[in-house]
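# Structural overview
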Amino acid sequence: MSDKIGLVLSHVFVRKNEEHKWAWIEHSIDRHRNLHDFFIILSGHGEPVPKHIIDKLDGLYWLQDIKEEDIGQGHPHFCIRGYEICLKNNCKFTLKNRAFDWLEHDNILNHDLVFCSSHGDVSKGELQDLLMFGETKSLLELWSCLDWDYSLIDGRANLFKNMKHIWDEDQINKIQFFDSERIGWKTMNDFRGSGPKYWGTA
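In what follows, the accompanying structure is described. Computed from a prediction, not measured in an experiment: that's the story for all the values here.

What counts and what doesn't
- Residues numbered from 1 in each chain as written.
- Predicted model: local features only at pLDDT ≥ 70, side-chain atom pairs only at ≥ 80, totals over all residues.
- Heavy atoms only, no water.
- Salt bridge = Lys/Arg side-chain N within 4 Å of Asp/Glu carboxyl O.
- Helix = DSSP H or I, 4+ residues; strand = E, 2+ residues; numbered from the N terminus.
- Buried < 20%, exposed > 50% of the residue type's maximum accessible area, 1.4 Å probe, protein only.
- Pairing = 2+ DSSP bridges.
- Axes fitted to C-alpha atoms, helices over the stretch in contact; angles between N-to-C directions.
- Parallel < 35°, antiparallel > 145°, perpendicular 65-115°, else oblique.
- Left-handed = near helix turned anticlockwise from the far one by under 90°.
- Contact = heavy atoms within 4.5 Å.

This part takes up the pattern of salt bridges. Counted under the stated rule, the structure contains 14 salt bridges. Here D30 and K56 are joined by a salt bridge, their closest N and O atoms 3.0 Å apart. Remark: K56 occurs in the loop between α2 (51-54) and β4 (59-63) and D30 occurs in helix α1 (residues 20-35); sequence separation between them is 26 residues. With a relative accessible area of 27%, K56 lands in the partly exposed category. R33 is paired through a salt bridge with D58; the nearest N and O atoms lie 3.2 Å apart.

A separate point is the sheet that holds strand β10 (residues 185-187). Hydrogen bonds along the backbone pair up the strands of a sheet, which may run parallel or antiparallel. A sheet is described by the order of its strands in space; here three strands give the open sequence β6-β10-β11, paired in antiparallel fashion. If you trace the sheet from one side to the other, it starts and ends with β6 (101-103) and β11 (197-198), each paired once. In the sheet, β6 pairs with β10 via three bridges, with the strands oriented antiparallel. When the sheet's bridge partners are listed, D101 is paired in β10 with T187.

When two helices pack together, you describe them by how their axes are tilted relative to each other and by the distance separating the axes. Where helix α3 (residues 76-88) contacts helix α4 (residues 136-144), the two axes come as close as 9 Å, and the packing angle between them is 155°. One finds that α3 runs roughly antiparallel with respect to α4. Considering the relative orientation of α3 and α4, their crossing is left-handed. Contacts from P76, C79, I80, Y83, E84, C86 and L87 in α3 reach T136, K137, L139, L140, W143 and S144 in α4.

Geometric descriptors of this kind do not, in isolation, establish any biological role.
Here it is, written out as C-alpha cells:
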C-alpha cells in the first residue's frame, strides 16, 4: 500500500498527577513509528502535551479542558477530529488505536476494513470502537454520520447504530474481524487496569 497511511491515537486523557501516561503515549508513538511511516495524530484532552511528545507527531488535536462526557463513550469528539486531520492531509487509509497501545506487526495494513473482535460483538449490537483500520473517508463518515447518543451504554453501541445507518449490507460484509492476538494489539493499560498484554485477554 503506497498511499500515505494515517494513524489516530485516541481514547486518551491526562489528569493532574497522571504524568506516567506520557511514557505510555511516547511508547505507543515509537512502536508505531518503527512499524510503518504513519502520519501520526494524537487526539485527546487534559494536561498540556510535553514538547518531546509533540516533536514526535505529525499532528495534534488536544483540549486542555477534559470532556468528561466522552470518557467511556468512545471519545467521539476526538476520534472525529483525528480522522478529519488525516483526511485533510490526504491519508487514504487510517489506523486508529488507543494512545497507550501498539501493534507488534503491520499485517492489518494488508486488509481493507478491519475491526477487532476482542472488544465488541455485533450479534449484541456492538461495534468495537478502539482499534480499526480502513479508508479514512469511510471511517470518518461512520463516526460522524449521526449525533452521538450519550444515553447508550458506550461507544460500541453508538458505532453499531451508525454502521446500520450509513453502511449497506455489502459494506458491512466487507468487515474482517480479527482477535487482538492475531492483530498483535497490545496495551500498557486495559479496561481492567492491567498490562502490558494483548487487549481483552486475562
